[in-house]
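So you can see what is in the structure, the chains are spelled out below.
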Amino acid sequence: MSRTAPVCALLFAALAPLVSCGAAPVDSQPAKDAVIAAFAKANPPGRTGLLLKGHSVWLEAPAFTASCLTGKDLAFIDDPRGRPAGSAGRITPTYENQRWLLKSTAQGYCVLLGADPKIELGAASYGQDVWRIEAKISMGAPSPWFECLDESVKSRKIEVRYDKEGKAEVVTDLSVGQGDCPAPLVGSELRTGAASPAGAGGAAPTKAEVIALVKDFDKLLDEADHAGAFAKLSCVNLFATPPWGACAVSELLAVGPSFAGERKAWHGTPWLEYGLKSVDDIGAITKDAELPGLFHVSFHHQRSDRSRSFSVQRIDGELRMFGVVERKAEGLTVARLLTDLVDKDKRAVLKRRLAGEDIDAEGNSNKPEPEPAAG
């Protein structure tokens, strides 16, 4: 008898459910069970985000099929010739579909793929001490962005090895590309508007109330709690019909705190645009003559040496910051909070736009000039 026979017999007795000496493991189920467990750990149930790396106009998005993104009007694709050599494909979301971006992290933005990731296992084969298992990834409630994931991301061949103790170990990354996106991904992607600000009205806020609101809002932006900051916002979207409340969390992702200390990777442009060192230095609080519950907070801008203003609005008794989506940006479009509505001309332009007049933020008509008649 071969000297290896006793060793083989011992191994077979210990690992009989898994292996047969000199041949492939007789049962793929332990490997499949390991895949199911690893997938559940890598992809918790609930709303799931995928990381788009970067915070500038162009975001790295190698997981998507470019033709699908453009076909669904989800994003614009960059020109590969203008991309750094060897870098991944880059996109910038369209304004209409940036609403699926729900958080800014240290690495980039998190786009909602859907809810409740699932994996379905298919054929399994064994060779060179590795199980290779075909798998299909899906979402219980997919977003349009999930539908544009490249097939190589949704269909995978997963490798499983056995360690020295005979335990199956998955060696393939099973995440759907979350990066540093939290799980579950919270926040609203809905832009549900109304013709008027429901629940608006009430007594003028005190200076102490405004300061407390500003500090809370600023702290949430500093901590990248964009869903929390959004809950403290009353927003009007001048590109939506009806406009009141037709904003999503994405409209705050590129907005940064104004009174935080150390700058962090996810900080966008400070919402007061470097205008005030301390919120304690705010000035007069003026009631809007027409829009219910709206109050304008004046301050002296430290850089421009001009009087500027932001606004707050009382909704159902709760004081909120007031933001206006008034200009579409090359990158992420934001709700602007430095609105200067204490200025009568600025107020007039806003009210004309709210009434449906087709003008821009300066009050100029958006309609093309008629061609001069041929002479």
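If you're wondering where the values come from, they're calculated on a predicted model, not measured in any experiment. (Residues numbered from 1 in each chain as written. Predicted model: local features only at pLDDT ≥ 70, side-chain atom pairs only at ≥ 80, totals over all residues. Heavy atoms only, no water.)

Caption draft 1: Looking closely at the overall build of the protein. In terms of helices and strands, the protein carries 8 helices and 16 strands. Rg of the C-alpha trace for the protein: 28 Å, well past the compact-globule value of 21 Å for 375 residues, more than 25% over. Considering only C-alpha atoms, the protein reaches an extent of 100 × 65 × 40 Å along its principal axes. Among the 375 residues that make up the protein, the fraction classed as buried is 43%. For the protein, contacts bridging at least 24 residues in sequence account for 64% of all contacts bridging at least 6. A total accessible area of about 18600 Å² is found for the protein, and carbon and sulfur atoms account for 53% of it. (Helix = DSSP H or I, 4+ residues; strand = E, 2+ residues; numbered from the N terminus. Rg over C-alpha atoms; globule rule 2.2 N^0.38 Å. Buried < 20%, exposed > 50% of the residue type's maximum accessible area, 1.4 Å probe, protein only. Contact = heavy atoms within 4.5 Å. Areas by Shrake-Rupley, 256 points an atom, 1.4 Å probe, with all protein chains shown as cover.)

Caption draft 2: Structural context of the side chain of N97. When you line up the elements, N97 lands in the loop between β4 (90-93) and β5 (101-104). Its relative accessible area of 11% is what places N97 among the buried residues. The contacts of N97, once residues within four sequence positions are left out, are K72, D73, L74 and W145.

Caption draft 3: Seen up close, the environment of Q128. Looking at the secondary structure, you find Q128 in the loop between β6 (108-127) and β7 (130-142). When its relative accessible area of 71% is taken as the criterion, Q128 is described as exposed.

Caption draft 4: Quick look at the pairing of strand β14 (residues 294-300). Among the 7 residues of β14, 6 are classified as buried, and the element is accordingly described as predominantly covered. By the bridge criterion, 3 bridges tie strand β13 (residues 285-287) to β14 in an arrangement that is antiparallel. Directly across from I285, in β14, lies its bridge partner V297. Where β14 lies against strand β15 (residues 307-315), 7 bridges are found, and the strand directions are antiparallel. (Pairing = 2+ DSSP bridges.)

Caption draft 5: The packing of aromatic side chains, seen in detail. Counting across every chain of the model gives 8 aromatic pairs. Note on W244 and F322: the rings are 6.0 Å apart at their centroids and 40 degrees apart in plane angle, and the pair reads as tilted. One end of the pair, W244, is in the loop between β10 (233-237) and β11 (255-256); the other, F322, is in strand β16 (residues 318-325), with 78 residues separating them in the sequence. Note on accessibility: W244 and F322 belong to one class, buried. Members of the aromatic cluster, joined through ring pairs, are F217, F259, W271, F299 and F310. Lying over the aromatic face of F239, R353 brings its terminal NZ or CZ to 5.9 Å of the ring centre. (Phe/Tyr/Trp six-rings, centres within 6.5 Å; stacked < 30°, edge-to-face > 60°. Lys NZ or Arg CZ within 6 Å of the ring centre and 35° of its normal.)

Caption draft 6: Just the pattern of salt bridges, in detail. Evaluated as defined, the whole model comprises 21 salt bridges. A salt bridge links E223 to K219; its shortest N-O distance comes to 2.6 Å. Judged by its relative accessible area of 48%, K219 is partly exposed. Salt bridges linked by common partners bring E273, E326, R327, R336 and E362 together as one network. (Salt bridge = Lys/Arg side-chain N within 4 Å of Asp/Glu carboxyl O.)

Caption draft 7: Inspection of helix α6 (residues 207-222) at higher detail. Under the 1.5 Å per step criterion, the end-to-end length of α6 is 22 Å for 16 residues, consistent within 8% with the ideal 22 Å. Where α6 is concerned, the buried positions are V210, I211, L213, V214, F217, D218, L220, L221 and D222. Buried residues along α6 sit in contact with α7 (226-230), β11, β13, β14, β15 and β16. A positive backbone phi angle near 60 degrees is found at A224, which sits one or two residues after α6. (Expected span 1.5 Å × (residues − 1).)

Caption draft 8: Representation of the nonpolar core. Grouped together as the largest cluster of nonpolar side chains are 76 residues, with contacts concentrated most on F64, W145, W271, F310 and M321. Counting residues per element, this core draws most heavily on α6, at 7 residues. Setting aside residues no more than four positions away along its own chain, F310 makes contact with V210, V214, W271, L272, I282, F295, H296, V297, F299, M321, L337 and T339. Counting 9 residues, the second-largest nonpolar core is a separate cluster that includes L238, W244, F322 and V324. (Core = buried A, V, L, I, M, F, W, Y, C linked by side-chain atoms within 4.5 Å.)

Caption draft 9: Region of the structure containing unusual backbone geometry. Along the chain, A183 connects to P184 via a cis peptide bond; the corresponding omega equals 0 degrees. Relative to the assigned elements, P184 resides in the loop between β9 (168-170) and α6. Of note, the bond from T241 into P242 is cis; its omega dihedral lies within 30 degrees of zero at -5 degrees. As for its placement among the helices and strands, P242 is situated in the loop between β10 and β11. Of note in this structure, Q128 is not a glycine but carries a positive phi near 55 degrees.

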